Amino acid sequence: MKSGGAREGPVRDFDQRFNDPPSYILGITKEIWEDRNVERLREYYTADIPVRSPDGYVVGSEAVIAATHATLEELPDRQLLGEDVIWSEDGHGGFFSSHRIFSTATHLGDGAFGEATGIHLRYRVIADCAARANQIYDEWLVRDLGAIVRQLGSTPETFAARQVEAEGNAEQAVLPLMSQSEPPAVYLGKGNDHPSGQRYAKELKQLITADDVDVTTIYDRAVQMEQPGGQVGHGWADAACFWAGIRTSLPTAEFRVHHVIGRQDDGLGLRAAVRWSITGTHDGPGYFGEPSGAPVHVMGISHAEYGPWGLRREFVLFDEVAVWKQILLHRH
């Protein structure tokens, strides 16, 4: 693994319009989604790309094109504001990026979110992508579905129940992605060894698994936390409360780190991107309500920004609806 930093040069075999990985990721995202050149996905995605998200996975650029068209029918004015692209070289002329997006959109079409409401939405997405030779060939995607459904007047639990009913109840409902059901990875890298990434991965493990974790040793006192559901926390007390709710819900679950990137770039400072998971039994009260005994898999991606007094901004994403769907299917 190689350390991430501004000294890394441009990657090979990419369209010369893009002078570095962030310009490639930001450029093709705008071209596909906002400029409505959806069919260009055939050029920018490999024909057999696996794309994983907490509610399941699709394989192939044609499936991605269909899903993109469906989203744009519901949210035709969607904008994808690229907040950051945290990336690392792969050692073979390609790269791996973790792209954090703040989306704005108006619910103007009927579809997965029900009949059009005209409600203006704001929510985040983080997409982890492996790219080489001007194409993305492997992807992990987490969107804040909890934020969307709350703005539409529902809750993650209620929306998950509606999904189960719409799909034919427990016997026919589509199962969310579990660790054992993921398609095999094409990209086999683990990121880089930059200190900020290694630091954040270690801190996440403490926050998720250690009951005696002292958040004052990790966070800036004025930390701003962007949490699932579009929630925002500030300061040590909010950070401690959020992570305690996760730990108590899944006290015996296994926490795993899957990918780690650290970077330091001019004007952006020390950052980190970590993809992680929690897999186990929902056997405690907390973030996901009273214990259900359900087997649960949480797919998460987090970004961190460090300052002189610790972690100063944190972005944590997982799909609350996918977790609640697992709980509800177990109850049935």
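Presented here is a report on the structure given in the accompanying data block. (Residues numbered from 1 in each chain as written. Predicted model: local features only at pLDDT ≥ 70, side-chain atom pairs only at ≥ 80, totals over all residues. Heavy atoms only, no water.)

### Quick word on the sheet that holds strand 6 (residues 135-143)
Part 1 of the argument: Pairing is mixed in the open sheet, where six strands are placed in the order 2-1-6-5-4-3. Two strands close off the open sheet at either side, each with one partner strand: strand 2 (56-59) and strand 3 (79-89). With direction set aside, neighbouring strand axes in the sheet form an average angle of 15 degrees.
Part 2 of the argument: Where strand 1 (residues 50-53) meets strand 6, two bridges bridge the pair, whose relative direction is parallel. Looking at the pairing, R52 lines up with W140 of strand 6.
Part 3 of the argument: Contacts between helix 1 (residues 21-34) and the sheet are confined to strand 3, strand 4 (95-106), strand 5 (120-132) and strand 6, with strand 3 contributing the most and set at about 150 degrees to the helix. (Pairing = 2+ DSSP bridges. Helix = DSSP H or I, 4+ residues; strand = E, 2+ residues; numbered from the N terminus. Axes fitted to C-alpha atoms, helices over the stretch in contact; angles between N-to-C directions. Contact = heavy atoms within 4.5 Å.)

### Examining the pairing of strand 10 (residues 269-281)
Part 1 of the argument: The pairing of strand 9 (residues 254-265) with strand 10 spans eleven bridges and is classified as antiparallel. Within strand 10, the residue paired with F255 across the bridge is I278.
Part 2 of the argument: Here strand 10 pairs with strand 11 (residues 295-307) via twelve bridges, running antiparallel. In the strand pairing of strand 11, S277 is matched with M299.

### A word on the nonpolar core
Part 1 of the argument: Judged by nonpolar contacts, the single largest core of 76 residues is most densely connected at Y24, I136, Y219, W243, W276 and I278.
Part 2 of the argument: In terms of residues, this core owes the most to one element, strand 5, which gives six residues.
Part 3 of the argument: Discounting residues that sit within four places of it in the chain, I278 has contacts with I208, I246, L250, A253, E254, F255, V296, H297 and V298.
Part 4 of the argument: Formed by 14 residues, the second largest nonpolar core is a distinct cluster that contains F96, A130, M299 and L317. (Core = buried A, V, L, I, M, F, W, Y, C linked by side-chain atoms within 4.5 Å. Buried < 20%, exposed > 50% of the residue type's maximum accessible area, 1.4 Å probe, protein only.)

### Things to note about the packing of aromatic side chains
Part 1 of the argument: This structure, assessed with the given rule, holds 14 aromatic pairs.
Part 2 of the argument: Here the aromatic rings of Y24 and Y44 are separated by 6.3 Å at their centres, their planes lie at 85 degrees, and the arrangement is edge-to-face. Remark: Y44 occurs in helix 2 (residues 41-44) and Y24 occurs in helix 1; sequence separation between them is 20 residues.
Part 3 of the argument: Residue Y24 is classed as buried on the basis of its relative accessible area of 1%.
Part 4 of the argument: Ring geometry for F255 and W276: centres 6.2 Å apart, planes at 40 degrees, overall tilted. Residue F255 is found in strand 9, and its partner W276 is found in strand 10; the two are separated by 21 residues along the sequence. In terms of burial, F255 and W276 fall into one category: buried.
Part 5 of the argument: Directly above the ring of W33 sits R78, whose terminal nitrogen or CZ lies 4.5 Å from the centroid.
Part 6 of the argument: Over the ring of F315 we find R100, and its NZ or CZ is 3.6 Å from the ring centre. (Phe/Tyr/Trp six-rings, centres within 6.5 Å; stacked < 30°, edge-to-face > 60°. Lys NZ or Arg CZ within 6 Å of the ring centre and 35° of its normal.)

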